[in-house]
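As a plain string of letters, each chain reads:
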Amino acid sequence: MILSCGEALIDMLPRTSDAGEPAFAPYAGGAVFNTAIALGRLGVPASFFSGISSDFLGDILLESLRESNVANGLCHISDRPCTVAFVKLVNGQATYAFYDENTAGRMLAVDDLPSVTADALFFGGISLVVDPCGGAYEALMLRESASKVTMIDPNIRPSFIKDEARYRARIDRMLRAADIVKLSDEDLHWLMGAGDITDLARKIVAMGPRLVCITEGAKGVTGFTSADNIFVPSNVVQVVDTVGAGDTFNAGLLAALHKRGVLTKEKIATLDPATITAALTMGVNAAAVTVSRAGANPPWAHEL
C-alpha cells in the first residue's frame, strides 16, 4: 500500500459556457490528491490522508477517491470549509488563486495523524507551506521514515510562500529524511541556486536520498543515485495543458517501483539501473497521457 499525504482541494478550471461566456467548472484536485488518484488508476494499492471537509465539496473529493480505487478511510473529516483554487491557463501553463484560510485541509494538526500500515508514503505540494498542516505532514514523515520508504515532491509555488526561511528549513529536513526526491529543474534551482543541474542534484543525493529525480519539462527526467545518472526522454505528444503532469509522473514512478517489489528500506537503498530506468519510463509515459488531455486526468493502467 502507498499512502499519499497532502492537500486535496477543488480546482475551478476555466471553461466556456454554452452561451459563450467564460466560466469555471469544479474538479477534484491538489498535487498530492492527483498522485493518489493516479496510483489508484495504475492498479497500485493506494490510500490517501488529508483534512477533508464534510461539505458537498468534500463529498466530491471522497467520491473521486473511491471512483479511482483509492482508500480514504484515514482522512480526517471536519466541518471546516474545503480549499478552493481557481486555475488560469497562460500558454498552457497553470497559474492559481488559492482560498485556503481556516479550511479542513489547512487546519489539520499533529493530533489528527493516523496510525500507518502502508509500505511507502508520499508527501508534497502546497500543504507543506502553511501551518498547522505543514507541521503535521512533516511530523508524520519524520515519524515513519525510519521504517518505511518515503518520497517527497515539494512542487514549489514561490508566490504561496509567506515565510521563506521557515519553509526552506522544513523542506531541508524532509529531503534529508526521504528515500526518493522528485524536483522539477525550476524547483531545484529555487532550492539550491544557480548552477549545473547534475552538480545541484548530486548535492541533494549527498543529503541522504537514495534516488533523486529531476524533471526538465518536455526534455525528460534524470534519476540520480550515489552511483548513476540515468536519463529518460519525455514522450512527444500534443500538449493540451500541464495540470497534474508532475503529480502523475510521481505515481508512475512509485507504481513501477511497487510492481518490482523494491519499496522497502533495504531494497530502495540498492536500486539497479534497470529498475530506475523502468520507473522513470513509467513516470514519463503516464505523464504524457495526462498532458495530452485537459485538466488533471491521470491514465488508467490499460491506457499505458
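Refer to the structure presented above.
Residues numbered from 1 in each chain as written. Predicted model: local features only at pLDDT ≥ 70, side-chain atom pairs only at ≥ 80, totals over all residues. Heavy atoms only, no water.

The next subject is the layout of surface pockets. Its volume calculated, the second largest pocket comes out at about 320 Å³. Taken together, 20 residues form the lining of the second largest pocket, with Y27, A28, R41, A296 and N297 sitting closest to its centre. Split into classes, the residues belonging to the lining of the second largest pocket amount to 10 nonpolar, six polar and four charged. (1 Å grid on protein atoms, 1.4 Å probe; cavity = no way out; pocket = protein on both sides within 12 Å on 5 of 7 lines; lining within 4 Å. Points joined across faces, edges and corners; volume = space filled by probe spheres on them. Nonpolar A, V, L, I, M, F, W, Y, C, P; charged D, E, K, R; others polar.)

Mapped onto the elements of the fold, N250 is located in helix α7 (residues 245-259). The exposure class of N250 is buried, given its relative accessible area of 0%. Ignoring sequence-local partners within four residues, the contact set of N250 consists of T35, F122, M151, D153 and K182. (Helix = DSSP H or I, 4+ residues; strand = E, 2+ residues; numbered from the N terminus. Buried < 20%, exposed > 50% of the residue type's maximum accessible area, 1.4 Å probe, protein only. Contact = heavy atoms within 4.5 Å.)

A word on the pairing of strand β10 (residues 120-124). Taking burial as the measure, the five residues of β10 include five buried ones, the bulk of the element. By the bridge criterion, four bridges tie strand β1 (residues 2-5) to β10 in an arrangement that is parallel. Its bridge partner lying in β10, C5 is registered against F123. Here β10 runs beside strand β11 (residues 149-153); their pairing, made up of five bridges, is parallel. Across the sheet, the residue bridging to G124 is D153, located in β11. Chirality of the crossover, the property in question, places the unit of β10, helix α3 (residues 133-144) and β11 among those that are right-handed. (Pairing = 2+ DSSP bridges. Right-handed = clockwise from strand over helix to strand, strands pointing away.)

Here we come to the packing of α3 against helix α4 (residues 164-177). Taken N-terminus to C-terminus, the directions of α3 and α4 make an angle of 20 degrees; their axes are 10 Å apart at the nearest point. With respect to their mutual orientation, α3 and α4 come out roughly parallel. The two elements α3 and α4 cross, and the hand of that crossing is left-handed. Listed contacts from α4 to G134, G135, Y137, E138, M141 and L142 of α3 are R170, R173, M174 and A177. (Axes fitted to C-alpha atoms, helices over the stretch in contact; angles between N-to-C directions. Parallel < 35°, antiparallel > 145°, perpendicular 65-115°, else oblique. Left-handed = near helix turned anticlockwise from the far one by under 90°.)

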